[in-house]
Amino acid sequence: MRYNEKELQALSRQPAEMAAELGMRGPKKGSVLKRRLVKLVVNFLFYFRTDEAEPVGALLLERCRVTREEPGTFSISFIEDPERKYHFECSSEEQCQEWMEALRRASYEFMRRSLIFYRNEIRKVTGKTPGDPRQACPCRRARCEPRKPRNTKVNALVRRLPSSQHHRSARRGPPTQGHHPGPVG
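Residues numbered from 1 in each chain as written. Predicted model: local features only at pLDDT ≥ 70, side-chain atom pairs only at ≥ 80, totals over all residues. Heavy atoms only, no water.

(A) View of the overall build of the protein. A count of helical and extended segments in the protein gives four helices and seven strands. Its helices and strands taken in sequence order, the protein reads α-β-β-β-β-β-β-β-α-α-α from the N to the C terminus. Taken across its 185 residues, the protein has 26% of its residues classed as buried. Restricting the contact set of the protein to residue pairs at least 6 apart, pairs at least 24 apart contribute 38%. For the protein, the accessible surface area stands at approximately 13,500 Å², while carbon and sulfur atoms represent 52% of it. (Helix = DSSP H or I, 4+ residues; strand = E, 2+ residues; numbered from the N terminus. Buried < 20%, exposed > 50% of the residue type's maximum accessible area, 1.4 Å probe, protein only. Contact = heavy atoms within 4.5 Å. Areas by Shrake-Rupley, 256 points an atom, 1.4 Å probe, with all protein chains shown as cover.)

Below, the structure written as structure tokens:
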């Protein structure tokens, strides 16, 4: 994937879901453990030198696996190249657990699975599908339809209905009291 460097730097300055100084070792052979400020923002894991404001690098947390290595340590590897691992060392076992759970929840794949699960749960409880545009109107009437985009050329030639009246009606003339137009007559 390609990313705009300026956009990534701007994203790295956003509030983080988690941030801490961790020991980090890259995937290269002979790589040594270095202290890095590690910051989780949405589905990116940014890592910084402890004395610098710009990130040294970023990992996109998609199609990756978070694995416990030794007590207080975990690694991130990617499905396309499982041998290429980034190792992280935490100050406690509790911190390690928190990071591993947050990293697993950060991927788009996890968020998508969660959305599908919760939509199904809501449907089981309410009998309605969340996000169904036919259920979007607060009046809950069966004939209610979402407002269609306006054609400005046509609207210039045709009299407009009041903006509070978004239900289609064959009735002509001023709207009746209340939200919905009365019967045609």
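(B) Summary view of the pairing of strand 1 (residues 18-25). Here strand 1 runs beside strand 2 (residues 34-41); their pairing, made up of seven bridges, is antiparallel. Bridged to methionine 24 within strand 2 is lysine 34. (Pairing = 2+ DSSP bridges.)

(C) Structural context of the nonpolar core. In terms of nonpolar packing, the biggest core is built from 23 residues, with Leu40, Leu45, Phe74, Ile76, Phe88, Trp99 and Leu103 touching the most fellow members. Residue assignment for this core shows that the elements contributing at least two residues are strand 1, strand 2, strand 3 (44-49), strand 6 (73-78), strand 7 (81-89) and helix 2 (93-105). Counting residues per element, this core draws most heavily on helix 2, at five residues. Those residues in contact with leucine 45 that lie beyond four places of it in its chain are Val38, Lys39, Leu40, Gly57, Ala58, Leu59, Leu61, Ile76, Phe88, Trp99 and Leu103. (Core = buried A, V, L, I, M, F, W, Y, C linked by side-chain atoms within 4.5 Å.)

(D) Region of interest: the side chain of serine 12. Inspection of the secondary structure puts serine 12 in helix 1 (residues 5-12). Given a relative accessible area of 2%, serine 12 falls into the buried group. Discounting chain neighbours no more than four positions away, the residues touching serine 12 are Lys39, Phe46, Phe48 and Pro55.

(E) Looking closely at helix 3 (residues 108-126). Taking 1.5 Å of rise per residue, the 19 residues of helix 3 would be expected to cover 27 Å, and the 27 Å separating its terminal C-alpha atoms lies within 8% of that figure. A distance of 3.1 Å separates the backbone nitrogen of phenylalanine 110 from a side-chain oxygen at the start of helix 3, and that oxygen is part of serine 107. (Expected span 1.5 Å × (residues − 1). Polar contact = N/O pair within 3.5 Å; in protein donor to acceptor, adjacent residues only side chain to side chain.)

(F) Representation of the sheet that holds strand 1 within the structure. Read from one edge to the other, the open sheet built from seven strands follows the order 4-3-2-1-7-6-5, with strand pairing classed as antiparallel. A single partner strand is all that each edge strand has here, and the edge strands are strand 4 (57-60) and strand 5 (64-68). Sheet twist, expressed as the mean angle between neighbouring strand axes with direction ignored, is 35°. Pairing between strand 1 and strand 7: three bridges, direction antiparallel. (Axes fitted to C-alpha atoms, helices over the stretch in contact; angles between N-to-C directions.)

(G) The arrangement of the environment of arginine 123 in detail. Along the chain, arginine 123 turns up in helix 3. With a relative accessible area of 36%, arginine 123 lands in the partly exposed category. Once residues lying within four places of it in the same chain are set aside, the contact partners of arginine 123 are Lys128 and Thr129. Only 2.9 Å separates the side chain of arginine 123 from the side chain of asparagine 120, close enough to count as a polar contact.

(H) Quick look at the environment of glutamate 98. Locating glutamate 98 in the fold gives a position in helix 2. For glutamate 98, a relative accessible area of 40% translates into the label partly exposed. Taking the C-alpha atoms as reference points, glutamate 98 and methionine 18, separated by 80 residues in sequence, lie 9.1 Å from one another.

(I) Quick peek at the packing of aromatic side chains. Across all of its chains, the model carries three aromatic pairs by this definition. Look at phenylalanine 44 and phenylalanine 46: their rings are 5.8 Å apart centre to centre, the planes differ by 25°, and that puts the pair in the stacked class. When sorted by exposure, phenylalanine 44 lands in the same class as phenylalanine 46, which is buried. Centre to centre, the rings of phenylalanine 74 and phenylalanine 88 are 5.1 Å apart; their planes meet at 15°, and the pair counts as stacked. Of this pair, phenylalanine 74 sits in strand 6 while phenylalanine 88 sits in strand 7, and the two are 14 residues apart along the sequence. Here phenylalanine 74 and phenylalanine 88 have matching classes, each one buried. (Phe/Tyr/Trp six-rings, centres within 6.5 Å; stacked < 30°, edge-to-face > 60°.)

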